[in-house]
Amino acid sequence: MTTAKESASVKKATTTRKKTTKTTKPATSVVQTSEPCEPCDTLGASLARHIRYGLCRDEHEKEELFTAVAESVKEQMLDNWRETRIKDNQYQQKQIAYLSLEFLMGRALGNALLSLDLTDEAQKVLTDYATTLEDLEQVEHDAGLGNGGLGRLAACFLDSCACLDLSVTGYGIRYQYGMFVQKIIDGYQVERPDRWLRHGNPWEVRIANRIVTVPFFGHTETYVDKDGRRHHVWTNTQNVLAVPYDMPIPGFNNGRINTLRLWKAEANDEFDLEEFNDGDYAEAVATKNLAEQITMVLYPNDASVNGKELRLRQQYFLSSASLQDLLARYVDQYGEDFSEFSRRNVMQLNDTHPSIAVPELMRLLMDKYGLGWNEAWDITSRSMAYTNHTLLPEALERWPVPMMKNMLPRIVEIIFEINARYLELVAHHWPGNIQKLADMSIIEEGPEQQIRMAYLAIVASFSVNGVAGLHTELLKQGLFSDFYQLWPHKFNNKTNGVTPRRWLAYCNPKLSGLITRRLGKEWITDLTHLAALNAFTSDKAFVKEWAEIKLTNKQALSEFVEQQCGVTFDPQMMFDVQVKRIHEYKRQLLNILHVIHLYRRILNGDTQGMAPRCVLIGGKAAPGYAMAKQIIKLANNVAHMVNSDPLVTPYLRMAFLPNYNVSAMEKICPGTDLSEQISTAGKEASGTGNMKFMMNGALTIGTLDGANIEMLEEVGKDNFFLFGLNAQEVAQTKAHYQPQQIIAESEALTGVMNMLKSGHFNLVEPGIFDHIIASIVDPFDQWMTAADFDSYRIAQENVSATYLDQAKWQQISIRNSAASGRFSSDNTISGYRDDIWMKK
Ligand SMILES: *Cc1c(COP(=O)(O)O)cnc(C)c1O
């Protein structure tokens, strides 16, 4: 794919960098020597060329046509991409590196066309190829390089950064296999590999002149030079090449094209000489594949850790490669004088996953560039910022010291030194308090020492943020309270958001068309404009059109459900949707219990005041999370019973949607009436699915958790179905929680539990739901499903009554969309920019 011209400049770039010293011109000067060239073709001409010269054949599959279209659209971005890169390499503004093990990008075509204002042109051009844009978009494989909210947040942030003209580079891993594909077989989740790169990735560009080397294993040595300075050498290492693949991140109609740089691990050509000399050439080559395993697969764990050694390798690989890249860029511009570094760069750590970047930056500055400890620490601690994403203890990363010592011996030395120096500060702050030292140490003592990655991140960062108001408060008062006492100035909140380009303008063209006709199109880049929709809640024509668009979107969603699940959803019924990772704290179980309750009522002939509804649940369970997988099976079995009774289906239908991902959500949120955000209070850090639904006019039933609290604040309690214990009540109830008694006192819940226990939903598979039943009646049930059941049921009755009053429902729908302006990721990123990135 590299042209002759490109490889010529690649060569030049390499030689220039070798010569670079403090005084010579930076490598970017190479671009000044490139010849002026013809302006790039129009989209249509470019596509014709790609089809004629790229496909080499007259017949082509849809896949190939898609590739040609994507290549053509990429071509439209290349000039601006290059200009953005040149500007940014000159540090015209501060450089932000967003370090994340996950980027859940989804499809790129529709979003790129929207950002480049080429959607209409693409539609026109494609009529020559006997297909529609809409059809072709469905051919693109989702880039599923993330688990859920955390990875999708990174993707929304990249969009907003480009839109706000910020120089932000996403650094991640180019997993060969993304998030697994979920099949449902006999009601059970089955995982299949996601070979998203099988047909190639037309968006990426391999950047051969930015390859770096990442060391593993080996041992450390020290020596003292002639000036009496001690040096550390990490030697005898096994080296892996990190090869960057760049993806363009277009801003919205503003000419900026940022970069998502994904690293692929490749073996270098240093054959294992011993094996080679033994004559086992093939074996020597084969072992090189071990290096490439590092970037083979995304770990499918959401909100829990996987302590596998390979995962630590991924984390170090990403951190080291990205920092080497940042330092090389800096040296190109400023030489090896690092006094400007922390004024010019910020590294934002997306959770603790890349927090090994802290000791790695220390290592590179000291061992590679010869800085002293204090100088290196000053730079590191002024350029790192950490975002926490969860309070769940099972998600807090700890790595065993012996494992890390073996894999990264020099890194462990540096962590111990950071810890020793930092504990002096703790001792000073709490004189004589030995317990504090143990509690706050980066090293957890025990039968096997562990490194607390969150503490490492906090100690080294100038900013620590939570992702919603409640979450940040709970961090300050609970999990990180000692650190908050020591460094209150480090802590801040940045409530999550989602990009209104993908999650409204692109995925809901009918609604965005209506909004634009009434408000103009400023809302696309300033979502607070949606507040003006409140003026139309009593405009009959507007409300009618609003309702008609929802109905059309429901028809489309119903076709999708039919095709994916074989269940018929009637668009006249309420679409009640819960899609997100399957986790006990998110309480899909509470939702299913409510479905069983409605089912019982219908069987008993008690349908008074019941709005007919279609319940959709979707989401993936971590493959090792047995309880989550049983919840999927229960959802499927309940759906089966509900849908097979013709007396029930006029009032209630249910489906489990397989393989929930970004492109599925693009079809789901425009067609949803009711959004389920029903986590146990205090457990969901923010949630972002809640915001996508709200923007698209869904009403929310939810607890006082995460960003729900702020959504409620914006829309008002009359327009939100609130229920359940709050976080404080959950905490207080813990000590004396008696679910058996709660069930006994609730007629509805008793009925539901009896039906479950009777085996009604698993007649041919006795006992399969015993664990689920036991978890509900367990006094130690952390998720307190029974505690919130009645409150949830009553809120759902209120939902029903409201839905039956369609005039009222549509008004509330408009008010929700109008109140969603604050949850644009543009707003969130403005906060990161002003309070974290530019503040120092
Ligand atoms: C938005 C989104 C999420 C996050 O959903 P929550 O309800 O906040 O957990 C997860 N997965 C996908 C595919 C998403 O689009």
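Residues numbered from 1 in each chain as written. Predicted model: local features only at pLDDT ≥ 70, side-chain atom pairs only at ≥ 80, totals over all residues. Heavy atoms only, no water.

Stated formally: UniProt positions are given in the numbering used here, feature names are shortened, and annotations may be inferred rather than shown by experiment.
As recorded in an unreviewed UniProt entry, the chain goes by Alpha-1,4 glucan phosphorylase and comes from Shewanella inventionis. Its UniProt record gives the chain the following Cofactor (unreviewed entry) comment, quoted word for word: "pyridoxal 5'-phosphate". Comment text from UniProt for the chain, heading Sequence similarities (unreviewed entry), reads "Belongs to the glycogen phosphorylase family."

**Some details on the overall build of the chain**
As a reminder, the rule being used: Think of it this way: any DSSP run of H or I at least four residues long counts as a helix, any run of E at least two long counts as a strand, and we number them from the N terminus. What the globule rule says is 2.2 Å times the number of residues to the power 0.38, and the radius of gyration is computed from C-alpha atoms. The cut-offs for exposure are 20% and 50% of the maximum accessible area for each residue type, with area from a 1.4 Å probe on protein chains only; residues under the lower value are buried, those over the upper are exposed, and the others partly exposed. In what follows, a contact means two residues having at least one pair of non-hydrogen atoms within 4.5 Å. Areas reported as accessible are Shrake-Rupley estimates using a 1.4 Å probe. Residue values count occlusion only from the protein chains shown. Only four residue types enter the tally: Lys and Arg on the positive side, Asp and Glu on the negative side; His and the chain ends are excluded. All charge positions are set by atom: Lys at NZ, Arg at CZ, Asp at CG, Glu at CD.
Summing up its helical and strand segments, the chain has 35 helices and 25 strands in all. In terms of overall size, the chain behaves like a compact globule, its C-alpha atoms giving a radius of gyration of 28 Å where 840 residues would be expected to give roughly 28 Å. Across its three principal directions, the C-alpha atoms of the chain cover 90 × 75 × 60 Å. Per-residue burial over the chain gives 59% buried out of 840 residues. For the chain, contacts bridging at least 24 residues in sequence account for 77% of all contacts bridging at least 6. Entry remark: accessible area of the chain is about 33,800 Å², with carbon and sulfur atoms responsible for 50%. Each charge class in the chain was averaged separately, 86 positive and 102 negative side chains, and the resulting centres sit 3 Å apart.

**Quick notes on the site of the ligand**
Worth spelling out the cut-off: Here a residue counts as near a molecule or strand whenever at least one of its heavy atoms sits within 4 Å of it. Under the rule applied, a polar contact is a pair of N or O atoms within 3.5 Å (in protein, one hydrogen donor and one hydrogen acceptor; residues adjacent in sequence only if both atoms are side-chain atoms). All residues other than Ala, Val, Leu, Ile, Met, Phe, Trp, Tyr, Cys, Pro, Asp, Glu, Lys and Arg, Gly among them, are scored as polar; the first ten of these are nonpolar and the last four charged.
As a structural note, the neighbourhood of the ligand is formed by 13 residues, with Lys580, Lys586, Thr688, Gly689 and Lys692 the closest of them. Threonine 688 places a main-chain nitrogen or oxygen 2.8 Å from an oxygen atom of the ligand. Protein contact buries 96% of the 390 Å² of open area that the ligand shows by itself. Its residues placed into classes, the shell around the ligand shows four nonpolar, six polar and three charged.

**Structural notes on the sheet that holds strand β20 (residues 574-579)**
Basically, it comes down to this: Here, a strand pair is defined by DSSP locating no fewer than two bridges between the strands. Axis angles are defined between N-to-C directions and span 0 to 180 degrees, where every axis is a line fitted to C-alpha atoms and, for a helix, only to the segment in contact.
As summarised here, the arrangement of the six strands in space is β22-β21-β20-β23-β24-β25, forming an open sheet in which the pairing is parallel. Each having just a single partner strand, β22 (652-657) and β25 (721-722) make up the two edges of the open sheet. In this structure, β20 lies alongside strand β23 (residues 674-677), joined through two bridges in parallel fashion. Pairing of aspartate 576 across the sheet is with leucine 674, part of β23. Contacting β20, β21 (613-618) and β22, helix α23 (residues 540-565) crosses the sheet at an angle of about 65° to β22.

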